[in-house]
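# Chains, contacts and geometry: an overview
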Amino acid sequence: MIPARLDELLEDFSFISDRNERAAWLIDAADRFDEARVPPDVAAPPYDEAHRVPACESDAFVWALPTDGGVLDFRFDVLNPQGLSAMALAVILSDCCSGAPLQQVAAIPQDIVLKIFGREVSMGKGQGLMGLVTMVTHAAREELGSQSAGA
């Protein structure tokens, strides 16, 4: 089971068959990227390489910030100003995964990239976007492990 907001978004995307409509929606999401950006009090460039998304052509970075409620707040930066796909996915992951139950975030499959961006996403871009998903799910698993160890 994945976070409810992400499940709803994926269901909405299943009804979008027009490539232009999908692109317009993703551009709108990328336009909201500042909402998902890492705050300056958490990190500032140059960033610690531990937060870099492997294989991402857009130089994306991910932070998973623990909250008082035992969940994570996900924040991102994308250094390439042309990295609209990475920015759009960062907004989606921030909106849908921040504050969600860790077990649900950890269960997100990488194939959501294809469900969101379509099967025509290039291999290079797809690998970077899947890397974003992997960093988020890995952070959720790590936090679950920390909480279990501390219990």
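This text follows the structure it describes.
These notes cover the structure that comes with them. (Residues numbered from 1 in each chain as written. Predicted model: local features only at pLDDT ≥ 70, side-chain atom pairs only at ≥ 80, totals over all residues. Heavy atoms only, no water.)

Summarising the element assignment, Glu142 is placed in helix H6 (residues 123-150). Look at Glu142 and you get partly exposed, because its relative accessible area is 46%. Expressed as a C-alpha distance, the spacing of Glu142 and Ala106, which sit 36 residues apart in the sequence, is 9.2 Å. (Helix = DSSP H or I, 4+ residues; strand = E, 2+ residues; numbered from the N terminus. Buried < 20%, exposed > 50% of the residue type's maximum accessible area, 1.4 Å probe, protein only.)

Right, let's talk about helix H1 (residues 4-14) for a bit. Of all the positions in H1, only Leu6, Leu9, Leu10 and Phe13 are classed as buried. Looking straight down H1, one finds its buried side chains confined to an arc of 100 degrees; they lie on one side. For H1, the exposed residues set more than 90 degrees away from the buried face come down to Glu8, Asp12 and Ser14. On the buried face of H1, the contacting elements are helix H2 (19-31), helix H3 (84-97) and helix H5 (112-117). (Arc of directions from axis to C-beta. Contact = heavy atoms within 4.5 Å.)

On to the pairing of strand E2 (residues 72-78). Judged by how many residues are buried, E2 sits mostly within the fold: five of seven residues are covered. Across seven bridges, the pairing between strand E1 (residues 60-66) and E2 is antiparallel. Within E2, the residue paired with Val62 across the bridge is Phe76. Linking E1 to E2, which pair antiparallel, is a turn of five residues; within it Gly70 sits at a positive phi near 75 degrees. (Pairing = 2+ DSSP bridges.)

Let's shift gears to unusual backbone geometry. Residue Pro45 is joined to Pro46 through a cis peptide bond whose omega torsion reads -5 degrees. Its location among the elements puts Pro46 in the loop between H2 and E1. Phi at Ala55 takes a positive value of approximately 70 degrees, unusual for a residue other than glycine. Topologically, Ala55 is positioned in the loop between H2 and E1. With a phi close to 55 degrees, Asp59 is a non-glycine residue in the positive phi region. Summarising the element assignment, Asp59 is placed in the loop between H2 and E1.

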